[in-house]
Amino acid sequence: MRINRILLFILFLLLLACGGANPHIRSVTQGNVQAYLQQTPQAEEHANAGANILYSYYYVEFFSDGTSVTRHVERVKIFNERGRSFASQTIYYREGYQRPKILFANTIKPDGQVVSLNLEDVHDSSAYAGYDFYTDIRKKRFNMPAVEDGCIIEYAYEIRNLKPIINFDFFSTFFCRQFHPMEVDIMEIVLPRQIELKYRKFNADLTPEIVERGNKNAYIFTNTSQDEIIPEARMPSLRDTNTFPQISMWTLDNWETISGWYAKLISEQMKTDHELIEFTNKLISDKKSREEKISAIFDFVAQRIRYVAVLLGPYTHKPHPAYEVFQKRYGDCKDKTTLLLTMLQIAGIEALPALVPSYPEYFDKTMPSLTAFNHVIAVVPDKKNEGYFWLDATNETASFDSVPFFRPAEVFLINADGTYDFVRTPSIDSNNDFIQTDIKYKIEKEGHAEIEAAYLYSGKAAESIRRFYKYSPPEERKKFFERRGITVYKLNFGSFTDTRKPFIINMSGYLKNLAHKLDDDLMVLSDIVNFDSYQDITAATERKYPVFLNPSYFSRDNLTYIFPAGFKIRRLPANFFINESFLLREEYYFFKNNTLKISIKHKSNHEIIEPEKIDDFRKFARKIQAHQSAVKNIIFEKH
């Protein structure tokens, strides 16, 4: 039945082709609308779907001067309210460099009535409101009219790329499965014959049809009749090539095209003036070591130059001159990095730019393209330890000697002569990047408790929490604890700017009903030991995709519960140990006189659990859940 439907779709396109134009860029309203409606899928055929992608066509053509045109057609049948998000569309473009045009947009109601989009309802605005001076990225937004269950929406637009950043740099991924059912999906790439489209298939058996058209070749990928992906807990990203079928394609032959271009672009903007040179020299005048100078310059750029979030991506890649960024005291990642590189150069310190992939875990260095990156940092060789200092100037709460990212990434290091190296950033270190919590609860006879708490965040683990409290007003800082039921008596914080030191929070307060008083001789502590027990994995009876387990910082918790005199614990929980590749956990329980002490060490690691190993993982997880149940309620009785 579904194959017949696809054949009807293709036949419909052939009938439209009689007009001579590209049949893929035609509205169904130019044919027999009622006939088209009758052969579209029905909602009951896809109970889990909110919509069905009837037809998707993506077209790119490059011209001999490096400019290009992109055209996109989307036709979707809306089943219910879960599919109505398709009715809201946004087209991003770069003003002066790209020219967008909506070709058509129609809603076909279930009875065949056609309601076209009024172009006056298309809203054009800056993509980054408030930073118009700083970005030329704009967006066209529109909502399809008369959308209801059972209708079909269709729209087509083109974007002419007038000023390419790097000539003939194209990269894209053709995803063969989506989270909605899909009937026909076509991607067509047209290139001058001297430019080869390189592609790699992952779990896909599609091969492009290659058609000669004069002095160009068209590569046509066609995919049909695909059911929707049913989401599962902790499943991989759609970009995971080991799990989901897809085809990656690109045009550049090597990375030197990018590294040579970017090295020149950065060096041209590392411009100084007297004020910048004088300021830099004064900033480091009392700094004796190379590391002290790096730290001082990095702290200034990271903390004193305001970060304006504009994507590096395929849009505005050229940084402003370093002296201009210094004068205006704001910039995006490339601007701040250029200023940082310039100030380090004034100080006589070698430093290089490094481009960071948009999706580090899925970055493939065999596929050169500038579109792989959306961030830039500075890298300084660490001559003492034969490593690097990783300086992310957009991270104002980072230390100059910390790791740049929570997860390692392979960055594209660009040398001054235009050559390059791929360098992997280091992993977090549990000896330096950790969280320690020390809390003492003095419990009264009614179950209420006085609290003395100290929280220490070290290294990379300090960055996000330091920033959170730095930008929270004093009263809001208190409310963070008040939302947990704690009346705050005293709240002190460590330095918000000295990022080389751990960030410390000291809090004293009062918590009602920490222990549940059953009677004068009986109290219960509940839910004081909690951690991820993978209940979302064990609850599902079936599993199709791998489980992705995420890492965490190493943490140490020291918890002390002091009960009123005469109270004893009914049953001391057994110490608990896990030492798996994906989880380290140690729990120690001590009781003496009227005091319970709990010491916990915890560290989760990234791990992929394949479907064939899910049953074994469930057995492991159920043991953890059994332990959590055993310590859920700890009973204390007065003797």
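Residues numbered from 1 in each chain as written. Predicted model: local features only at pLDDT ≥ 70, side-chain atom pairs only at ≥ 80, totals over all residues. Heavy atoms only, no water.

## Looking at helix 7 (residues 333-346)
Our working definition: Helix and strand definitions here come from DSSP, where helices need a minimum of 4 consecutive H or I residues and strands a minimum of 2 consecutive E residues; each element is numbered from the N-terminal end. One less than the number of residues in a helix, times 1.5 Å, gives the span that helix is expected to have. The cut-offs for exposure are 20% and 50% of the maximum accessible area for each residue type, with area from a 1.4 Å probe on protein chains only; residues under the lower value are buried, those over the upper are exposed, and the others partly exposed.
Given a rise of 1.5 Å per residue, 14 residues ought to cover 20 Å, and the 20 Å separating the end C-alpha atoms of helix 7 matches this to within 8%. Summarising burial for helix 7: 12 of the 14 residues are buried, a large majority. Restricting attention to buried positions, one finds in helix 7 the residues Cys333, Lys334, Asp335, Lys336, Thr337, Thr338, Leu339, Leu340, Leu341, Thr342, Met343 and Leu344. A positive backbone phi angle near 80° is found at Gly348, which sits one or two residues after helix 7.

## Digging into the nonpolar core
As a reminder, the rule being used: Residues belong to a common nonpolar core when they are buried Ala, Val, Leu, Ile, Met, Phe, Trp, Tyr or Cys residues joined through side-chain atoms within 4.5 Å.
Membership of the largest hydrophobic core comes to 45 residues, with the highest contact counts inside it found for Leu339, Leu340, Leu344, Leu355 and Leu391. Taken together, the elements giving at least two residues each to this core come down to helix 3 (256-269), helix 5 (290-304), helix 6 (322-328), helix 7, strand 18 (373-382), strand 19 (387-391) and strand 20 (410-414). Grouped together as the second largest cluster of nonpolar side chains are 38 residues, Tyr455, Val529, Ile634 and Phe636 included.

## What about a positive patch on the surface?
Basically, it comes down to this: Think of a patch as exposed residues, more than 30% relative accessible area, with no salt bridge, where like charges cluster within 9 Å and nonpolar side chains (Val, Leu, Ile, Met, Phe, Trp, Tyr) cluster within 5 Å. Residue exposure ignores everything except the shown protein chains as possible cover, and the areas themselves are Shrake-Rupley values with a 1.4 Å probe. By salt bridge we mean one thing: a side-chain nitrogen of Lys or Arg within 4 Å of a carboxyl oxygen of Asp or Glu. All tallies of charge rest on Lys and Arg as positive and Asp and Glu as negative; His and the ends of each chain are not included. Every charge is mapped to an atom, namely NZ of Lys, CZ of Arg, CG of Asp or CD of Glu.
Residues Lys440, Lys442, Lys592 and Lys597 make up a contiguous surface patch of positive charge. Relative to the helices and strands, Lys442 resides in strand 22 (residues 434-443).

## So, the packing of helix 5 against helix 7
Note the following rule: Note on definitions: angles span 0 to 180 degrees between N-to-C directions of axes, and those axes are lines fitted to C-alpha atoms, for helices only across the stretch in contact. An angle below 35 degrees is treated as roughly parallel, one above 145 as roughly antiparallel, one from 65 to 115 as roughly perpendicular, and anything else as oblique. Two helices that cross are described as forming a left-handed crossing if the nearer one is turned anticlockwise from the farther one by less than a right angle, and a right-handed crossing if clockwise. The contact criterion used is simple: two residues touch if any of their non-hydrogen atoms lie within 4.5 Å.
Where helix 5 contacts helix 7, the two axes come as close as 10 Å, and the packing angle between them is 155°. Between helix 5 and helix 7, the angle is such that the two are roughly antiparallel. As helix 5 runs across helix 7, the sense of the crossing is right-handed. The segment helix 5 lies against helix 7, with Ile294, Ile297, Phe298, Phe300, Val301 and Ala302 engaging Lys336, Leu339, Leu340, Met343 and Leu344.

## Quick look at the packing of aromatic side chains
For any pair of aromatic rings, geometry is given as the distance between the ring centres together with the angle between the planes. The condition is simple: Pairs were defined over the aromatic rings of Phe, Tyr and Trp, the Trp ring being its six-membered one, requiring ring centres within 6.5 Å. Orientation was assigned from the angle between planes: stacked under 30 degrees, edge-to-face over 60, tilted for the rest.
For the coordinates displayed, the defined rule picks out 43 aromatic pairs. Considering the side-chain rings of Phe62 and Phe170, the 6.1 Å spacing of their centres and the 75° angle between planes classify their relative orientation as edge-to-face. Of the two residues, Phe62 sits in strand 1 (residues 51-62) while Phe170 sits in the loop between strand 8 (152-161) and strand 9 (171-175), which places them 108 residues apart along the sequence. Look at Phe62 and you get buried, because its relative accessible area is 6%. Here Phe170 falls in the buried class, since its relative accessible area comes to 6%. Both rings, one in Phe493 and one in Phe496, keep their centres 6.0 Å apart while their planes meet at 35°; by these two values the pair is tilted. Phe493 sits in the partly exposed class, given a relative accessible area of 23%. Each member of the aromatic cluster is reached from another via a ring pair, and the members are Tyr455, Phe468, Tyr469, Phe480, Phe481, Phe493, Phe496 and Phe503.

## Some points on the pattern of salt bridges
Scanning all chains against the criterion turns up 32 salt bridges. Notably, a salt bridge pairs Glu158 with Arg71, separated by 2.9 Å at the nearest N-O pair. A residue pair is termed long-range when its members are at least 10 positions apart, and Glu158 in strand 8 and Arg71 in strand 2 (residues 68-78) qualify at 87 residues. With a relative accessible area of 9%, Glu158 lands in the buried category. The partner of Lys109 in a salt bridge is Glu148, and the shortest N-O contact between them spans 3.7 Å.

## Brief notes about the pairing of strand 23 (residues 449-458)
Short version of the rule: Pairing between strands is defined by DSSP: at least two bridges between them are needed.
Where strand 22 lies against strand 23, 10 bridges are found, and the strand directions are antiparallel. Along strand 23, the bridge assignment pairs Ile435 with Tyr457. Here strand 22 folds back onto strand 23 in antiparallel fashion, the turn holding 5 residues, of which Gly447 has a positive phi close to 95°.

## Observations regarding the sheet that holds strand 22
Pairing in this open sheet of 8 strands is mixed, and the strands run 24-25-23-22-29-33-32-31 from one edge to the other. This sheet does not close on itself; its edge strands, each paired only once, are strand 24 (486-493) and strand 31 (576-580). Across the sheet, the mean angle separating the axes of adjacent strands is 10° when strand polarity is ignored. The strands that helix 8 (residues 463-470) touches are strand 23, strand 24 and strand 25 (503-511); relative to strand 25, the one it contacts most, it runs at about 65°. Sheet contacts for helix 9 (residues 474-482): strand 23, strand 24 and strand 25; angle to strand 24, the most-contacted strand, approximately 130°.

This is a description of form; function is not addressed.
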